[in-house]
Amino acid sequence: MEQDRDPAMSPSTFQQGDTDRAQEARDRSSVTDFFGGLRAEWLGPRLYDTYRSPEYLPELLSSKPCILQGGRGTGKTTVLRILSYEGQAAVADDEGAEPTKWTRFGMYWRLDTNRVTAFQGEHLEESAWIAIFGHYVNLMLCRHLSNLALWFAAEVPTSAALDGRAAGLIARSLHLDPADSLESLNEVIEAGIVDFEARINNIFDEGPGRLSMQAAPIDLFVAHLRRLPQFHDRLLFFLLDEYENLLDYQQRVINTLIKHSGMNYTFKIGVKVTGHRDLRTLNPNEALQEPADFTSVDISEKLTAIGFGEFARDVCDERLAQMSNSGVTCSSSIVDLLPSISEVDEALELGLHDQLHRLRRELVPKVSPDDLEFYDSLPPLEQYLVRYWSVSQVQEPAAVLAAAKAEPKEWRTRLGNHQYAMLFTIREGRRGLRKFYAGWETYIQLSGGNLRFLLQLVMEALIAQLDAGGALNEPIRPEVQTLAASAVGRKNVSDLQGLDARGGDLSRVVLGLGRVFQVMAHSPAGHTPEVNQFDIRAAQGRLTPPAEQLIDAAVRNLAFVRFSRNKMAAISGETQDWQYALHPIYAAFFGYSYRSKRRMTLKEVDLLRLVDEPRPTIKTILKGQNRDLVTLPEQMQFFGGFYGDAA
Amino acid sequence: MVTLLDEPLLTVTLSRDDFDCIPGSVYIYSGTSEQRSAISEEWSQRQLERDVTFIEVTGQGYLQEVSIETAGTSAKVMLSSTSQTSAVVDSVPGAAIYLDVTGLGHHVTAPFLRAAVARGGEIYVVYTEPGSYRPSRHPQRGAFYDLSERVDGIRPLPTFAYLRQDPPESILVPLLGFEGARFEYVVQRVEPAKGATFPIIGVPGFRADYPFVAYWGNEAALLADDTYLNVRYAVANDPFDVFHQLIDLREAHPGKLMKVAPIGTKPNAVGAILFALSRTEVELIYDHPTRRLNRTNGVARLCIFDIGTFVDSDVFAPPSIAT
């Protein structure tokens, strides 16, 4: 007799299960592949496929020096690399443009910390280091010029060659061995760098050797290149990335080159915010001035102004299309994948009905039938405002309801001011999510105009969707989006430690302030709602150097974002007056509002104490805001050991 | 030249009481706040009777210069002067050299080791393991132990600046300790290509549980980019084992620049320094931490590494050790 079989256990079902799991693994791998390559350095050749051309930044294409500022992940390296001749070549391969038709040639140089910091030491005066570093810059930029010329010669074998006499003169200007061709010039430059390295490593005994004059070999090389038809009327860019790695005197050396770069060549500089510390040149009477000498572009501000949301949407949609082409079934629209949720729906999802049910039971014996009817006619969030306001003002709910009925205009204003802040209180004392962070626009806000953060959020949401058993062509539920946003916030808090030499300090400050804003968001009643920005009040007149350095590091590494309260200062020359916030990428992890709203004052001493004594300082700051600690939310238990008795 | 393929026994492990220097040798060391770096009066007296010359590095606060003291006289030594470091190493011409790295910063070990290797002869590196490490007051992921107050930042070790043209590709080889934040910092500064990071973890560790602590401390950076798939292991208290691992990586990645970050144990750092001395296209990446006072407690084993024999072998086989 044939045994009955459970259809769910048939071999074909097992095979189907295996196939599904394999497909899910492939989908997951595709998501990390297409959205996980978050750094330009990781993308390799795909960099040029994945990113759009930097046409949206015309300042980068002009002959005027440009300083491109932005935090990590804003795309500085990407745009600079695309401007390099290697980047152009990769793009041109697709577009079929010959190098002979190019109007510009960029040479990319990443200012590596481990190289530029070799040029310092107490045993030599700064003036000596300036001359030594100037020679190094000459060697490096001439090497870039010779690499460019060699590359062009290889690409276009019929092009005119640099004549032997010119090669010899350039070698002489660098005090190198003789050269009589471009090839031999390239070799002697390389050998010259090796010799120079040996001298730097034994500089006390041997000295630096003969040094070239600041900029002279570069000027000479470029002048000779310009006599060649292929470079005659083309723009030559030096693309210097990670300018913040330079020591102050080294910035002055490069500033001098920028100041005098003229028409033959120009500089495009990538630097983190607060990283261009010194605007002086080597001439004590001269400094770089904007707009006379350069144009500065804050990449986040620029992208926000021209529509970061659209730009980011295009990048994400392009990656979704690439995923789809690789065989993954997925939506073609990132906006469709990340639906938002209205505040009313969010409140209901968070369990508003339970709260309202209890409130109504409380009101029934205390209000008239008319007032109860009025209460029943109110939308759910307004009903909840009765509870919220009664707690906030320490009034009976019946009295609050009567006031709402009597003063409808004031009531509406109150709702507008507190509606968002109220959402954090609905699940007070209960486990689970306290607030949703969902929707494409919310993700844009959380990213703070930073493409790397945005891609992290999207990747995490797509993976969370797969983890939740969903498909990539179905909208991702708000709670799944929220968990993803929280995970990205947590990752970035953790990553702070390794971002900078002061990473440990930054991590403690962010964990400390994050806890402060979380407590304030979770107990808003009776206080100004949505406080998530701060001024820093100096102990005496102006901030001390330790505080300034900590704040600079925080801004540079996107622990803080800063806003000018005096937008005309850059033009008028007045001192900038800043206010700060934690970067919005942390908001979903700690659980407070990501919206730019209201601010508090933070004492300089408390900011500094967050580094050394975070636990008591958290309590001190909260006490100043008339708050007590509340239970540490589940997601923050990850840092429970850090918070100790401030948990 | 000795072939060492079948003779890996260049490490001797014992207690300090059982250890005596070769008569007439030079012993370079530094006493710090850590108990393990201290040398007892009794032991030093015993060595003095064997005609050992002690050179104590008394000030290591500056990256370029140290103070040394020998037989009651003190002097300054520029670390970027090979003539000065060589003079210290050869203060007793031809004598065996002991470089006790337990209390020395890498910025001091590196130029002195270069000078010793350049001179040749009998060279021993001495290292004393700690009894335990001090737990952190504010533990976080990657910072379970309170070992460093901060890092001063990436900067070349004296005499190891690398300015040459980069080969088209490079790999990052961090020699991991417990401080994951330092690993993450190095990754942030170096920005290796995807899949091009090959961490080395000390296995066996000083203690049986230490490899797990290393994994725990470095979890975030190991998970990023699936870097954990590239992990290799080398004995934590042995410079030669890590050297062999570096050779394997060199052979697996010919022509690529190897950026080696010695942010783990001191014996492993010695292996990295030796490798940088013996091979081209090797760049040392170091973040210069400020060590926390009393970061360790107690004293465990003392290890002696026979560097002189190793340097004279075909494994080291230096193409050039000139700066």
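Residues numbered from 1 in each chain as written. Chains lettered and ligands numbered in written order. Predicted model: local features only at pLDDT ≥ 70, side-chain atom pairs only at ≥ 80, totals over all residues. Heavy atoms only, no water.

Draft legend 1. Molecular detail of the sheet that holds strand β11 (residues 170-176) of chain B. Residue and element names in this part refer to chain B. On the basis of which strands lie adjacent, the open sheet formed by five strands has the order β13-β12-β11-β14-β15 and parallel pairing. The open sheet has two edge strands with one neighbour each: β13 (232-234) and β15 (282-284). Taken over all neighbouring pairs, the strand axes of this sheet differ in orientation by 25 degrees on average, direction set aside. Two strands pair when backbone bridges link them, and β11 and strand β12 (residues 200-202) are joined in this way by two bridges, in the parallel orientation. Bridge pairing in β12 places leucine 175 opposite isoleucine 200. Helix-sheet contacts for helix α7 (residues 239-252) involve β11, β12, β13, β14 (257-262) and β15, and the interaxial angle to β13 is about 150 degrees. (Pairing = 2+ DSSP bridges. Helix = DSSP H or I, 4+ residues; strand = E, 2+ residues; numbered from the N terminus. Axes fitted to C-alpha atoms, helices over the stretch in contact; angles between N-to-C directions. Contact = heavy atoms within 4.5 Å.)

Draft legend 2. The packing of aromatic side chains, seen in detail. Tallied over the entire structure, the rule returns 45 aromatic pairs over all chains. Between tryptophan 102 of chain A and phenylalanine 105 of chain A, the aromatic rings sit 5.5 Å apart at their centres with planes inclined by 35 degrees, giving tilted as the arrangement. Both residues of the pair, tryptophan 102 of chain A and phenylalanine 105 of chain A, count as buried. An angle of 70 degrees between the planes, with centres 6.1 Å apart, marks the rings of tryptophan 43 of chain B and phenylalanine 54 of chain B as edge-to-face. Of this pair, tryptophan 43 of chain B sits in helix α1 (residues 41-48) while phenylalanine 54 of chain B sits in strand β3 (residues 53-59), placing them eleven residues apart in sequence. Take tryptophan 43 of chain B and phenylalanine 54 of chain B: they sit in the same class, and that class is buried. Of the aromatic side chains, those joined through ring pairs into one cluster are Phe517, Phe534, Phe560, Tyr580, Phe589, Phe590 and Tyr592 of chain A. When the ring centre of phenylalanine 237 of chain A is taken as reference, the NZ or CZ atom of lysine 268 of chain A above it lies at 5.1 Å. Lying across the ring of phenylalanine 424 of chain A, lysine 435 of chain A places its NZ or CZ 6.0 Å from the centre. (Phe/Tyr/Trp six-rings, centres within 6.5 Å; stacked < 30°, edge-to-face > 60°. Buried < 20%, exposed > 50% of the residue type's maximum accessible area, 1.4 Å probe, protein only. Lys NZ or Arg CZ within 6 Å of the ring centre and 35° of its normal.)

Draft legend 3. View of the interface of chain A and chain B. Between chain A and chain B, the residue contacts involve 54 residues of the former and 47 residues of the latter. Across the chain A/chain B interface, buried area totals approximately 4,500 Å², and carbon plus sulfur atoms make up 44% of it. Connecting chain A to chain B are five salt bridges. Residue aspartate 112 of chain A pairs with lysine 259 of chain B through a salt bridge whose shortest N-O separation is 3.6 Å. (Buried area = accessible area lost by both parts, 1.4 Å probe. Salt bridge = Lys/Arg side-chain N within 4 Å of Asp/Glu carboxyl O.)

Draft legend 4. Region of the structure containing the sheet that holds strand β3 (residues 235-241) of chain A. All names here are of chain A. Across the sheet, which stays open at both edges, the five strands sit in the order β2-β3-β4-β1-β5 with parallel pairing between neighbours. Unpaired on one side and paired on the other, β2 (104-110) and β5 (295-298) mark the two borders of the sheet. The mean inter-strand angle of the sheet, taken between neighbouring strand axes irrespective of direction, is 20 degrees. By the bridge criterion, four bridges tie β3 to strand β4 (residues 266-271) in an arrangement that is parallel. Paired with phenylalanine 237 across the two strands is threonine 266, which belongs to β4. Packed onto the sheet, helix α4 (residues 76-83) meets β1 (66-69), β2, β3 and β4 and runs at close to 150 degrees relative to β3.

Draft legend 5. Expanded view of the nonpolar core. Phe35, Phe560, Tyr586 and Phe590 of chain A are the most contacted members of the largest nonpolar core, which totals 131 residues. In terms of residues, this core owes the most to one element, helix α23 (residues 451-467) of chain A, which gives twelve residues. Beyond its immediate sequence surroundings of up to four residues, tyrosine 586 of chain A is in contact with Arg72, Gly489, Asn492, Val493, Leu496, Val510, Leu558, Ala559 and Tyr592 of chain A. In terms of nonpolar packing, the next biggest core, distinct from the first, is built from 83 residues, Ala95, Leu99, Leu113 and Val270 of chain B among them. (Core = buried A, V, L, I, M, F, W, Y, C linked by side-chain atoms within 4.5 Å.)

Draft legend 6. Local environment of the pattern of salt bridges. Within this structure, the stated rule accounts for 39 salt bridges over all chains. Among the ionic pairs, aspartate 248 of chain A bridges to arginine 277 of chain A, the shortest N-O distance being 2.7 Å. Placement of aspartate 248 of chain A in helix α12 (residues 248-259) and of arginine 277 of chain A in the loop between β4 and β5 is noted, with a sequence separation of 29 residues between them. Since its relative accessible area comes to 36%, aspartate 248 of chain A is described here as partly exposed. For the salt bridge of glutamate 396 of chain A with lysine 366 of chain A, the shortest nitrogen-to-oxygen distance reads 3.5 Å. Here glutamate 396 of chain A is found in the loop between α19 (380-393) and α20 (397-406), whereas its partner lysine 366 of chain A is found in the loop between α17 (352-363) and α18 (369-377), with 30 residues between them in sequence. Through salt bridges with shared partners, one network takes in Arg110, Asp112, Arg115 and Glu242 of chain A together with Asp166, Glu191, Lys259 and Glu283 of chain B.

Draft legend 7. Region of the structure containing the environment of aspartate 248 of chain A. The sequence separation of aspartate 248 of chain A and leucine 279 of chain A amounts to 31 residues, and the corresponding C-alpha distance is 9.1 Å. A polar side-chain atom of aspartate 248 of chain A sits 2.7 Å from a polar atom in the side chain of arginine 277 of chain A. (Polar contact = N/O pair within 3.5 Å; in protein donor to acceptor, adjacent residues only side chain to side chain.)

Draft legend 8. Looking closely at the packing of helix α7 (residues 126-155) of chain A against α12 of chain A. Residue and element names in this part refer to chain A. The contact between α7 and α12 brings their axes to 10 Å, and the two run at 50 degrees. By the angle class used here, α7 and α12 are oblique. In this structure, α7 crosses over α12, and the sense of that crossing is right-handed. Side by side, α7 and α12 meet where Glu126, Trp129, Ile130, Phe133, Gly134, Val137 and Leu141 of the first sit next to Tyr249, Gln250, Arg252, Val253, Ile254 and Leu257 of the second. Split by residue class, the contact of α7 with α12 holds nine nonpolar, two polar and two charged. (Parallel < 35°, antiparallel > 145°, perpendicular 65-115°, else oblique. Left-handed = near helix turned anticlockwise from the far one by under 90°. Nonpolar A, V, L, I, M, F, W, Y, C, P; charged D, E, K, R; others polar.)

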